[in-house]
Amino acid sequence: MEQQPIANEKTVAEFEALKLELAELVGHDIKIFTDQMPGKELRSKVLAVQDQLLQILSGGAGNLIDNLVNNQSIVMQCLYRGEELAIRARIKRLGGGRCHLYLEEKVMPLRQR
């Protein structure tokens, strides 16, 4: 059964990404879902965080992240303090096997309490 990248907005409350300590994600794996590759889960690792910007490794997932169109909207899923979260972001590919994710302000928990 395929997992949906974002939970139903009517049943789960969103909150602001600014309230998260995103530095806790450094060194951890994330999942990326795009419209360019529907149904494909791309995995990467967070290298660095600064405000709402995540620097990730783009060489993973069979180098599929390197094939993504620049500046497209993606959904990033991560495990944060035991909760699975989904955050919309824009991806910008850089040289040297790295990418930047510019996070949007709203975060969606994937499970309802």
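A.B. asks: Can you help me understand the overall build of the chain in this one?
C.D. replies: Of regular secondary structure, the chain possesses zero helices and seven strands. Helices and strands appear in the chain in the N-to-C order β-β-β-β-β-β-β. Long-range pairs, those at least 24 residues apart, make up 56% of the contacts in the chain with a sequence separation of at least 6.

A.B. asks: Sorry if this is basic, but what is going on with the confidence of the model for the chain here?
C.D. replies: Summary statistics for the chain give a mean pLDDT of 80 and a share of 78% for residues scoring 70 or more. In the model, residues 1-12 has pLDDT below 50 throughout and makes 26 contacts with residues more than four positions away in sequence or in other chains.

A.B. asks: I tried to follow the pattern of salt bridges on my own but got confused; where do I start?
C.D. replies: Working definition: two side chains of opposite charge can pair if their charged atoms are close together. Here the structure, examined in full by the defined rule, presents four salt bridges. A salt bridge links Glu84 to Lys31; the shortest N-O distance between them is 3.2 Å. With a gap of 53 residues between them, Glu84 in strand 6 (residues 83-93) and Lys31 in strand 2 (residues 29-34) connect regions that are remote in the sequence. The pair formed by Glu84 and Lys31 is uniform in burial state, with each residue classed as buried. Note that Glu41 and Arg43 form a salt bridge whose closest N and O atoms lie 3.0 Å from each other. Arg43 gets classed as partly exposed once you look at its relative accessible area, which sits at 42%.

A.B. asks: Honestly, unusual backbone geometry in this entry has me stumped. Any pointers?
C.D. replies: Peptide bonds are, in most cases, trans, and in most cases residues other than glycine have a negative phi. If you check the backbone angles, Asp51 has positive phi at about 55 degrees while not being a glycine. Examined against the element boundaries, Asp51 turns out to sit in the loop between strand 3 (42-50) and strand 4 (53-57). Despite not being glycine, Arg81 shows a phi value in the positive range, around 50 degrees. Tracing the backbone shows Arg81 in the loop between strand 5 (73-80) and strand 6. Accessibility expressed as a relative area gives 58% for Arg81, which makes it exposed.

The rules behind the values
- Residues numbered from 1 in each chain as written.
- Predicted model: local features only at pLDDT ≥ 70, side-chain atom pairs only at ≥ 80, totals over all residues.
- Heavy atoms only, no water.
- Helix = DSSP H or I, 4+ residues; strand = E, 2+ residues; numbered from the N terminus.
- Contact = heavy atoms within 4.5 Å.
- pLDDT = per-residue confidence, 0-100.
- Salt bridge = Lys/Arg side-chain N within 4 Å of Asp/Glu carboxyl O.
- Buried < 20%, exposed > 50% of the residue type's maximum accessible area, 1.4 Å probe, protein only.

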